[in-house]
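Topology and contacts: notes
Below, each chain spelled out in residue letters.
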Amino acid sequence: MTKDIILEVLTELFISFFDEDSIQLKIDTTAKDIEDWDSLAQVGIILSIEKKFGIKLNSLEVGKLENVGAMIDLIYEKKS
Amino acid sequence: MSIMKIKFPIVPSNYVFKEKYFLKDAKNQPILFKYKVKLLGGYSQNHTTKWLEIFSRYNGISTKISQSEWGPGYYFISDPEIFNDHPDLFVVFLLPQDFYSLSRTSSPMEDISEIKSSIYKFVKECEKKKINIVFSTLETDLVGFPDIIKNNSFLSFSIDLNKILNEINLVYKNVLLFSISNICSGYEFENYVSTRDWYAFGNPFNINASFLIGNYLNNHIRGLLGLSKKVLVTDLDNTLWGGIIGDDGPDRIKIGNETPEGRIFADLQMYIYHLSKRGIFIAISSKNEKHLALKGFMNENSILKITDFANVQINWNIKSESIRSICKFLNVGLESVFFIDDNPVEREEVNTSCPEVLIPNVSDDPYTFLQALKFYDPFCIGVEPLEEDKYRNRSIESIKQQTDLLAKANSYDEFLKNLSIKVKIQKITDKNFDRALQLNNKTNQFNFTTLRLKQDELSDIMNDQNNINLTYNVSDKFTNYGLTGIVFLEIGNDKITVKNWVMSCRVFKKTVEIAVLNEVVKIASNKKILKIHLKYISTIKNKLLLSFLKDNGFQQLRQDTNAFDFQEWVLDLSKKQEFKHYVEVLS
């Protein structure tokens with residue numbers, strides 16, 4: 001799975017999660033760029049990522065996911 | 001009222017990541033009620049809050065939910081400020097992580113006597129203020145914190161605390177206990193607690209559990225607002241038992257311990273039995289031959305008996321019609337109905353015609369019926385039924401009382417004597433005309449000719465001054481059955497002829513027919529007539545009449561070759577004949 005594909009899947013996941021079709025993710029997208037992306041949503045996003053990609057993140061890993069780029073890197077690392 | 005579309009078996013992870021979508025969808029519902037809930041403790045309960053909001057909005061309840069700050073529930077119950085926004089309901093989370101002491105004391109667990117007194121104080125205050133409370137009971141510590149000291153372990157602490165909660169639960173009507181592990185059991189997901197979710201997010205249980213707890217709390221609120229359903233309508237084949245009664249017969253349907261399917265249906269029947277005990281109406285809507293279908297309840301493992309049901313619609317009508325008939329009989333609205341049926345086509349038909357009825361979208365696994373009953377909790381089990389609710393089920397009760405009376409009696413005769421059966425004889429009049437017509441045309445079993453009458457034909461009979469036509473109403477100490485019999489008599493010079501006689505099966509086996517025969521004999525005696533003739537056309541369904549005739553001294557006049565011809569039977573009154581019955585006849 002390439003990082004580009006991960007970004008694509010992640011975008012779909014965000015669109016479904018926020019129920020908002022207009023979302024376009026970039027490497028540097030952060031919580032500030034998406035209106036409903038608060039700490040509650042962050043938990044949901046992490047759990048959705050785990051389900052979608054079939055990976056499990058530990059307590060320390062989930063603390064590092066500040067932007068979309070960090071998410072992609074971690075997913076890429078876990079999947080390879 | 002449309003409801004969140006749920007498919008059984010429930011896979012919570014199909015829903016939990018779509019909070020935003022479902023909240024938007026739920027907000028399309030009109031608001032009928034407003035309700036205030038305050039969560040105390042439970043650390044991060046944001047997902048529980050969201051799901052409670054979603055489920056209650058789907059039910060027309062706008063729930064305003066506030067949360068205490070981060071921390072253990074028992075801290076907050078002593079804080080007088082929690083009463084400031086006048087909640088209708090407190091939800092108090094008591095969790096394993098609450099009670100490990102974080103100070104340098106010799107005991108690893110908090111002091112239970114202090115906790116006990118603050119819980120009692122809180123409950124009494126809520127009782128005074130008419131606020132309901134739900135407490136979570138203390139569960140196994142699934143975060144997995146290792147025990148520190150054997151004789152002051154978490155296990156012994158939790159047993160003691162749950163004992164205190166149970167005492168309170170039994171004494172205070174405004175208190176309900178809930179078990180998080182029980183709410184989460186019976187669904188397909190691994191564990192409802194994750195060590196990672198606790199340490200990383202402060203979620204003492206996972207998002208699947210929050211979804212189920214939000215649903216559970218909504219069900220309790222529905223109960224507190226009196227929004228419980230009143231009727232469970234059920235199909236029979238593959239819904240109350242495995243298999244098709246018409247094909248398999250009563251001994252081969254699956255119910256009871258012998259098969260996996262049978263065990264599930266037994267559990268389902270037991271649940272439904274207890275619903276009926278609670279005053280919930282249970283009713284049947286089944287497309288079947290009634291006499292065959294009823295045999296399903298004669299299977300020795302059947303927990304439900306036909307007498308448990310308040311109304312039975314076994315016929316070939318479309319099911320939405322049957323459900324409307326049930327509602328009419330029970331005098332309840334369609335929105336009070338919960339309907340279970342294994343057949344998706346039947347469910348769709350009812351859903352289209354009666355969208356008010358709640359119908360779970362179950363699979364072919366019968367366990368999903370139980371899961372749907374658990375998830376929707378349509379009858380709001382957490383709220384004690386009122387006395388009125390329990391008495392509502394009069395039709396079930398009267399049959400049950402009869403069964404009890406029969407069980408207590410030494411003989412069937414004694415049972416009948418105690419039943420105080422009364423028969424009131426009247427002529428056919430304009431008032432009872434419609435019912436008389438219906439009875440004549442619908443009755444198959446106790447019907448000597450099964451000759452149907454049109455309205456004008458019955459009208460002619462009613463107005464015929466030369467003959468005598470009787471209707472009779474039957475009642476006993478439990479029930480008034482209404483007009484349940486008609487006799488058409490032709491009065492001749494030396495004989496009375498019973499041209500037809502019809503009686504409802506609801507009053508069989510009560511010696512009513514013998515009392516009525518006795519009345520006919522009296523009419524004959526008054527006219528000094530010594531012979532009663534009777535016309536009989538034998539059909540497949542009215543065979544029981546043959547033994548009635550023989551038992552009461554009738555002789556067949558001539559043997560006809562064709563079975564479907566009139567037979568003529570005669571009772572000779574010059575021979576002494578005793579008609580023993582237990583009926584008081586009023587006229």
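Residues numbered from 1 in each chain as written. Chains lettered and ligands numbered in written order. Predicted model: local features only at pLDDT ≥ 70, side-chain atom pairs only at ≥ 80, totals over all residues.

For chain B, the helix and strand inventory stands at 21 helices and 18 strands. Counting across all 587 residues of chain B, residues that qualify as buried make up 38%. Contacts in chain B between residues far apart in sequence, at least 24 positions, make up 73% of those at least 6 positions apart. (Helix = DSSP H or I, 4+ residues; strand = E, 2+ residues; numbered from the N terminus. Buried ≥ 20, exposed ≤ 12 C-beta atoms within 10 Å, placed from the backbone. Contact = placed C-beta atoms within 7 Å.)

Here we come to the overall build of chain A. Secondary structure summary: chain A contains four helices and zero strands in total. Along chain A, helices (α) and strands (β) appear in the sequence α-α-α-α when read from the amino end. For chain A, the residues scored as buried account for 28% of the 80 residues in total. The long-range fraction of contacts in chain A, counting pairs at least 24 apart against all pairs at least 6 apart in sequence, stands at 53%.

All right, on to the interface of chain B and chain A then. With twelve residues of chain B at the contact, the number on the chain A side is 13 residues. A breakdown of the residues in the side of chain B that touches chain A according to their chemical character gives six nonpolar, two polar and four charged. (Nonpolar A, V, L, I, M, F, W, Y, C, P; charged D, E, K, R; others polar.)

Here helix H2 (residues 46-58) of chain B spans 19 Å end to end across 13 residues, near enough to the 18 Å set by a 1.5 Å rise per residue. Where H2 of chain B terminates, the next one or two residues include Gly60 of chain B, which has phi positive at roughly 75 degrees. (Expected span 1.5 Å × (residues − 1).)

A few words now on the sheet that holds strand S8 (residues 311-315) of chain B. All names here are of chain B. If you trace the four strands from one edge of the open sheet to the other, you get S8-S7-S6-S9, paired in parallel fashion. The open sheet has two edge strands, S8 and strand S9 (337-340), and neither has a second partner. The mean angle between the axes of side-by-side strands here comes to 15 degrees, regardless of whether they run parallel or antiparallel. As paired strands, strand S6 (residues 231-234) and S9 are joined by four bridges and run parallel to one another. Each bridged residue has a counterpart across the sheet, and for Val233 the counterpart in S9 is Phe339. (Pairing = 2+ DSSP bridges. Axes fitted to C-alpha atoms, helices over the stretch in contact; angles between N-to-C directions.)

This paragraph deals with the packing of helix H1 (residues 3-18) of chain A against helix H4 (residues 68-79) of chain A. All names here are of chain A. Where H1 meets H4, the axes come as close as 10 Å, and the angle between the chain directions of the two elements is 120 degrees. When the interaxial angle is binned, H1 and H4 end up oblique. Handedness of the H1/H4 crossing: right-handed. Residues Lys3, Ile6, Leu7 and Leu10 of H1 touch H4, and the partners they reach there are Val68, Met71, Ile72, Ile75 and Tyr76. Of the residues belonging to the contact of H1 with H4, the class tally is eight nonpolar, no polar and one charged. (Parallel < 35°, antiparallel > 145°, perpendicular 65-115°, else oblique. Left-handed = near helix turned anticlockwise from the far one by under 90°.)

So, about the packing of helix H1 (residues 19-26) of chain B against H2 of chain B. Residue and element names in this part refer to chain B. Contact geometry for H1 and H2: axes closest at 8 Å, N-to-C directions at 30 degrees. Relative to H2, the element H1 lies roughly parallel. In this structure, the crossing between H1 and H2 has a hand that is left-handed. Here Glu19, Phe22, Leu23 and Ala26 of H1 lie close against H2, whose contacting residues are Lys50, Glu53, Ile54, Arg57 and Tyr58. Along the lines of polarity and charge, the residues of the contact of H1 with H2 split into five nonpolar, no polar and four charged.

Attention now goes to the nonpolar core. Residues and elements named next belong to chain B. In this structure, Leu40, Phe90, Val91, Val92, Leu94 and Ile133 are the most contacted members of the largest nonpolar core, which totals 57 residues. Discounting residues that sit within four places of it in the chain, Ile133 has contacts with Phe90, Val92, Val123, Cys126, Asn174 and Val175. Counting residues in hydrophobic clusters, the runner-up holds 44 residues, among them Val231, Ala310, Ala372 and Leu373. (Core = buried A, V, L, I, M, F, W, Y, C linked by C-beta atoms within 7 Å.)

On to the sheet that holds strand S1 (residues 33-40) of chain B. All names here are of chain B. Spatial ordering of the open sheet is given by S2-S1-S3-S4-S5, a layout of five strands whose pairing is parallel. Whereas interior strands pair on both sides, the edge strands pair on one side only; in this sheet they are strand S2 (61-67) and strand S5 (175-178). Going across the sheet, the axis of each strand differs from the next one's by a mean of 20 degrees, ignoring polarity. Inspection of the sheet shows S1 paired to S2 by seven bridges, in the parallel sense. For Lys38, the partnering residue across the bridge sits in S2 and is Ser66.

Glancing now at the environment of Phe211 of chain B. Residues and elements named next belong to chain B. Mapped onto the fold, Phe211 is located in helix H8 (residues 207-224). Judged by local crowding, Phe211 falls into the buried class, with 26 C-beta atoms found within 10 Å. Taking the C-alpha atoms as reference points, Phe211 and Val16, separated by 195 residues in sequence, lie 6.6 Å from one another. When near neighbours in sequence (up to four residues on either side) are disregarded, Phe211 contacts Pro12, Tyr15, Val16 and Trp51.

Turning next to the environment of Asn191 of chain B. Counting through the fold element by element, Asn191 of chain B comes out in the loop between helix H6 (180-184) and helix H7 (195-201). When the C-alpha positions of Asn191 of chain B and Ala209 of chain B are compared, they lie 9.0 Å apart, and in sequence the two are 18 residues distant.

All names here are of chain B. Omega for the peptide link from Phe8 to Pro9 comes to 0 degrees, which places this bond in the cis form. Inspection of the secondary structure puts Pro9 in the segment before H1. Despite not being glycine, Ser420 has its phi angle at roughly 50 degrees, a positive value. By the element assignment, Ser420 lies in the loop between helix H17 (412-418) and strand S10 (421-427). The exposure class assigned to Ser420 is partly exposed, which follows from the 13 C-beta atoms found within 10 Å. Non-glycine residue Thr450 carries a positive phi angle of around 55 degrees.

On to helix H4 (residues 112-128) of chain B. Residues and elements named next belong to chain B. The first and last C-alpha atoms of H4 sit 25 Å apart over 17 residues, in line with the 24 Å expected at 1.5 Å per residue. Of the residues making up H4, those classed as buried are Ile115, Ile119, Phe122, Val123 and Cys126. Take H4 and look down its axis: the buried residues cluster within an arc of 100 degrees, on one side only. Among the exposed residues of H4, those pointing more than 90 degrees away from its buried face are Ser113, Glu114, Ser117, Lys121, Lys124 and Lys128. Packed against the buried residues of H4 are helix H3 (73-76), strand S3 (89-92), strand S4 (132-136), helix H5 (154-171) and S5. (Arc of directions from axis to C-beta.)

Right, let's talk about the pairing of strand S15 (residues 531-536) of chain B for a bit. A regular strand places its side chains on the two faces of the sheet in alternate fashion. Residues and elements named next belong to chain B. Burial along S15 is one-sided: the residues Ile532, Leu534 and Tyr536 are buried and none of Lys531, His533 and Lys535 is. Relative to S15, strand S14 (residues 496-503) is paired through three bridges, and the arrangement is parallel. Bridge assignment links Ile496 to a residue of S15, and that residue is Ile532. Note that S15 and strand S17 (residues 567-572) share six bridges and pair antiparallel. Within S17, the position partnered with Leu534 by the bridge is Trp569.

The next subject is the confidence of the model for chain B. Summary statistics for chain B give a mean pLDDT of 89 and a share of 95% for residues scoring 70 or more. Scored as a complex, the prediction yields pTM 0.69 and ipTM 0.80. (pLDDT = per-residue confidence, 0-100.)

Residue and element names in this part refer to chain B. One ladder, built from four bridges, connects S4 with S5; its direction is parallel. For Val134, the partnering residue across the bridge sits in S5 and is Leu176. You can see the chain leave S4, run along H5 and come back into S5, and the turn it takes is right-handed. (Right-handed = clockwise from strand over helix to strand, strands pointing away.)

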